[in-house]
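Chain by chain, the residues run as shown.
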Amino acid sequence: MKLAQALGAEALADRDPLPPELRERLLARDPLFVASHWVLAAAAVVGVVVALATVRPWGAGAPRRLLLAIAWVLGILMIARAIGVLGFGFVGDTLLLAGVRPPPAGEAALARDLARWDLLLWSPFFLLWGACWTATAAGARVSGRGTP
C-alpha cells in the first residue's frame, strides 16, 4: 500500500489514522509523506529479506542472533500495536468507541470511523503479523537454526 501511494496511487489514503490537515498533505503528495512512503516500502523489503533469511538455506550465513533479535522485536512491537499499548489497537479503539476515551475535539466522527476501521482491519492484521514474526523467531530457535 505504501509503495502504491509512493508511486501516486491513493489506495486507502483516506483510511490513514491522520488528522484532516495531515490527510490533506498526504493526498496532496507532500514531499515528506512521499519520502516516508518510500522509507516504509524499503523497510518492508528489508523485513521480507530478514523473514526469508530465518527459514531459507541461503540465510544460514547471516548472523543468526541479529536475525532472531529483529524477528522478536518486530513481533513484540506488532503485537503491542495490535493490543493497544501504543495508543491504537483493540484496547484504544474499544475505549474510544465505548465513550471511555474522548475523541479529539472537533473530529469525533472521524475518530470513531477510524477506530472502527482499525478495530476491524489494522489491529487484526498487526496481531497476525506479529504472531508470524514471533513464530518465525521461536521456530528458528527450536529447530536449531537459531544457534550462532
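Residues numbered from 1 in each chain as written. Predicted model: local features only at pLDDT ≥ 70, side-chain atom pairs only at ≥ 80, totals over all residues. Heavy atoms only, no water.

**Q** Would you mind showing me how to read the overall build of the chain here?
**A** Each helix and strand counted, the chain has six helices and zero strands in total. Helices and strands appear in the chain in the N-to-C order α-α-α-α-α-α. Each principal axis of the C-alpha distribution contributes one length, and for the chain these read about 55 × 35 × 20 Å. When contacts within the chain are restricted to residue pairs at least 6 apart in sequence, those whose partners lie at least 24 apart make up 58%. (Helix = DSSP H or I, 4+ residues; strand = E, 2+ residues; numbered from the N terminus. Contact = heavy atoms within 4.5 Å.)

**Q** So what exactly am I meant to see when it comes to the packing of aromatic side chains here?
**A** Geometrically, a pair of aromatic rings is defined through the distance of the ring centres and the angle of the planes. Throughout the structure, instances matching the rule amount to four aromatic pairs. Ring centres of Phe125 and Phe126 lie 5.8 Å apart, and the angle between their planes is 80°; on these two criteria the pair is classed as edge-to-face. Taking the relative accessible area as the measure of exposure, Phe126 reaches 19% and is therefore buried. Taking 5.4 Å as the distance between ring centres and 45° as the angle between the ring planes, the aromatic pair formed by Phe125 and Trp129 counts as tilted. Taken together, the positions of Phe125 and Trp129, both in helix H6 (residues 108-142) and four residues apart, correspond to about one turn of that helix. On the basis of relative accessible area, Phe125 is assigned to the partly exposed category, the value being 40%. The partly exposed category is assigned to Trp129, whose relative accessible area is 34%. (Phe/Tyr/Trp six-rings, centres within 6.5 Å; stacked < 30°, edge-to-face > 60°. Buried < 20%, exposed > 50% of the residue type's maximum accessible area, 1.4 Å probe, protein only.)

**Q** Can you help me understand unusual backbone geometry in this one?
**A** At Arg29, a position not held by glycine, the phi torsion is positive, near 60°. Take Arg29: it is sitting in the loop between helix H2 (20-27) and helix H3 (31-55). Classification of Arg29 by relative accessible area gives partly exposed; the value is 34%.

**Q** Whenever I open this one, H3 confuses me. Can you help?
**A** Residue pairs three or four apart in sequence face the same way in an α-helix, which turns once every 3.6 residues. Between its first and last C-alpha, H3 extends 37 Å over 25 residues, near the 36 Å set by a 1.5 Å rise per residue. For H3, the complete set of buried residues consists of Phe33, Val34, His37, Ala41, Gly47, Val50, Ala53 and Thr54. Capping the start of H3 is the job of one residue whose side-chain oxygen sits 2.8 Å from the backbone nitrogen of Leu32: Asp30. (Expected span 1.5 Å × (residues − 1). Polar contact = N/O pair within 3.5 Å; in protein donor to acceptor, adjacent residues only side chain to side chain.)

These figures capture arrangement, not role.
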